[in-house]
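Fold and geometry: a report
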Amino acid sequence: MDKMFCFQCEQTANGTGCTQAGVCGKSADTAILQDELTGALVGLAKAAGNGGRTKETDRLMLEGLFTCITNVNFDDASIQRKIAEVNQAKNSIVPGCVACISRCGNADNMDMVALWSADEDIRSLKSLLLLGLRGMAAYAYHAHALGYEDDEVTEWFYKGLAAIGTDLDADTLLSLLMEFGQVNLKCMALLDRANTGTYGDPVPTEVPNTIEKGPFIIISGHDLHDLKQLLEQTEGKGVNIYTHGEMLPAHGYPELKKYAHLKGNFGTAWQNQQKEFDGVPAPILFTTNCLMRPRASYADRVFTTGVVAYPELVHIEEQDGKKDFSEVIAKALELGGYEADRELPGINGGKKLLTGFAHGTVLGVADKVVDAVKSGALKHIFLVGGCDGAKPGRNYYTEFVKQTPADSVVLTVACGKYRFNDLDLGTLGGLPRLMDMGQCNDAYSAIRVAVALADAFGCGVNDLPLHIVLSWYEQKAVCILLTLFALGIQNIRLGPTLPAFVSPNVLKILVDKFNVHPISTPEMDLAEMMHQE
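Quick caveat: nothing in here was measured; it's all calculated off a predicted structure. (Residues numbered from 1 in each chain as written. Predicted model: local features only at pLDDT ≥ 70, side-chain atom pairs only at ≥ 80, totals over all residues. Heavy atoms only, no water.)

Looking at the sheet that holds strand β8 (residues 314-316)
The strand order across the open sheet formed by six strands is β5-β4-β3-β6-β7-β8, and the pairing between neighbours is parallel. A single partner strand is all that each edge strand has here, and the edge strands are β5 (262-265) and β8. Each adjacent strand pair in this sheet contributes to an overall mean axis angle of 30°, direction not counted. Here three bridges tie strand β3 (residues 216-220) to strand β6 (residues 284-286), and the two strands are oriented parallel to one another. Bridging from a neighbouring strand, Ile218 pairs with Ile284 of β6. Relative to β3, helix α8 (residues 224-234) is tilted by about 170°, and along the sheet it contacts β3, β4 (240-244), β5, β6 and β7 (302-305). Across the sheet, helix α11 (residues 326-335) is in contact with β3, β7 and β8; its angle to β3 comes to roughly 135°. (Pairing = 2+ DSSP bridges. Helix = DSSP H or I, 4+ residues; strand = E, 2+ residues; numbered from the N terminus. Axes fitted to C-alpha atoms, helices over the stretch in contact; angles between N-to-C directions. Contact = heavy atoms within 4.5 Å.)

Okay, structure coming up:
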């Protein structure tokens, strides 16, 4: 008998869905609670539909959806508390519903079994919308932490969740997905303004993979606001800070890189953490996903904050808009770090990484890029990025980048870059051939660059010598993909496998309209791309 159902990540069991326990490590009980939380959010969205939105319900929307993203929250108690908060907020909006004799059910929480057992195509379309909303919630959450909001974006969480709890036909849902893609573009633009407005425009920065001797802290995730607070609180205390995973692009922001004790990057992609953190003499702070079950050799030094939680780990709460990381700092001083400098090369042996090539930098030399294309020196632009994962087949992305021709540049975003970001591909026209544009949300930078180049050449984005090759793992990749579709971008290659939540009929629609298709081999895909030009 099935204990649960979840198919939201790329590594879902048998490529169809986890039914006994999550491949990500979550238990069936946790999965059921996340479904209950999602159903409660649907109820809240419907209840708030008649002008019942408040700052509190907005916060619960973001935190509740973010909590359900893969590898974020494994702590049943914290999820139960969130469910109670959501239900309390809903009851304050529609207090009469609980005692109503003639119940209409319009504000009832949704039983998610109704979605998982729905008609295959409706389930597929609604799942795309739900998972996209979860991804967008993460971006809106980070923007909100920096004081940036967009009412249209926030309102869409209510609209989207209410749609999931309503009987709608496939055409209506397809239309909603395209609308959502446009709204997510606004959300990514909002987060871009929040990050650059707070920390400055990223600049190209070389980041070492060497860990210096002495006390240090590893900070993982995406939350730059958490990193800034940690840097402030560790300044002058003899504790160095090293980024991990998606925190790597932080080194490019002027207001963060000015801290001399922000030293470098620790390790590679998130899925290697259990091996790389094994016995490390330093604390690790998780600000967002992707958290994996900590091994006993380092579990006593893992801290969580924000919506991230794991049973029995120390969680740093926010109080009056601030977080006190003194316990993390004390653990760093207690453990003492390495006795001598230690090199931790990338997966290809590289000892340094480059980051900071966001749209401000690339568009600053757009004239050179245009001239290089016109002269024939630059013939191909590849966008290779997305979420990484442990499933076999992801070495495709390493081999693909290695085989890109010398007259091309490779733009990359998100943690998928760890498959190849330590490679030295040389330069072209004074620019590195491999340019890291930032975190997954910085797909916005890539879109900005593509649109600007299309304008410069007087053509559409699909007419550029641009090829998009994406890897996906969790829900932020879903919302970005829907944005690319909403912009009409075609010929996207996606892998390592296609999403389990996309039904054959929905896949046919995407193939027919956007020519999206799975990756094959680096050699075959590159040959086809060259032939297209």
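More follows now that the structure is in view.
Things to note about unusual backbone geometry
Residue Cys290 is bonded to the preceding Asn289 through a cis peptide linkage, with omega at 20°. Relative to the helices and strands, Cys290 is located in the loop between β6 and β7. Of note, the amide linkage connecting Gly495 to Pro496 takes the cis form, showing an omega dihedral of 0°. Mapped onto the fold, Pro496 is located in the loop between β19 (493-495) and α17 (504-514). Despite not being glycine, Ala414 shows a phi value in the positive range, around 70°. Tracing the backbone through its elements, the reader meets Ala414 in the loop between β14 (408-413) and β15 (427-428). Ala414 sits in the buried class, given a relative accessible area of 1%. For Asn515, which is not a glycine, the phi torsion comes out positive at approximately 55°. Following the sequence through the fold, Asn515 ends up in the loop between α17 and β20 (517-518). (Buried < 20%, exposed > 50% of the residue type's maximum accessible area, 1.4 Å probe, protein only.)

Some points on the sheet that holds β14
Spatial ordering of the open sheet is given by β17-β14-β13-β18-β19-β20, a layout of six strands whose pairing is parallel. Pairing within the sheet leaves two strands with one partner each, and these edge strands are β17 (434-438) and β20. Taken together, the three bridges between strand β18 (residues 466-471) and β19 define a ladder with parallel strand orientation. Along β19, the bridge assignment pairs Ser471 with Gly495. Strand contacts of helix α15 (residues 443-457): β13 (380-386), β14, β17 and β18, with the helix running at about 120° to β17, the strand carrying the most contacts.

Remarks on the pairing of β17
In terms of burial, β17 is largely enclosed, as five of its five residues are buried. Direction of pairing for β14 relative to β17: parallel, over a ladder of four bridges. Looking at β17, one finds that Val413 is bridged to Gly438.

Overview of the packing of helix α7 (residues 170-199) against helix α16 (residues 475-486)
Each pair of packed helices gets described by two things: the angle between the helix axes and the distance between those axes. Their axes nearest at 7 Å, the elements α7 and α16 cross at an angle of 110°. In this view, α7 runs roughly perpendicular relative to α16, as classed from their interaxial angle. Facing Leu177, Met178, Phe180, Gly181, Gln182, Asn184, Leu185 and Met188 of α7, the residues of α16 in contact are Cys479, Ile480, Leu482, Thr483, Phe485 and Ala486. Its residues placed into classes, the contact of α7 with α16 shows ten nonpolar, four polar and no charged. (Parallel < 35°, antiparallel > 145°, perpendicular 65-115°, else oblique. Nonpolar A, V, L, I, M, F, W, Y, C, P; charged D, E, K, R; others polar.)

Some remarks on the nonpolar core
Ranked by size, the top nonpolar core spans 163 residues in total, and within it Leu133, Phe157, Leu161 and Phe266 carry the most contacts. No other element matches helix α5 (residues 120-145), which puts 14 residues into this core. If we skip the residues at most four places from it in the chain, Leu133 touches Leu65, Trp156, Phe157, Gly160, Leu161, Ile164 and Phe180. Formed by 15 residues, the second largest nonpolar core is a distinct cluster that contains Phe382, Tyr396, Tyr397 and Leu526. (Core = buried A, V, L, I, M, F, W, Y, C linked by side-chain atoms within 4.5 Å.)

Considerations on the pairing of β7
Side chains of β7 alternate between two faces, with Val302 and Thr304 and Phe303 and Thr305 buried alike. In the sheet, β6 pairs with β7 via three bridges, with the strands oriented parallel. In the strand pairing of β7, Ile284 is matched with Val302. Of the pairings in the sheet, the one linking β7 to β8 comprises three bridges and is parallel in character. Residue pairing in the sheet places Phe303 in a bridge with Val314 of β8.

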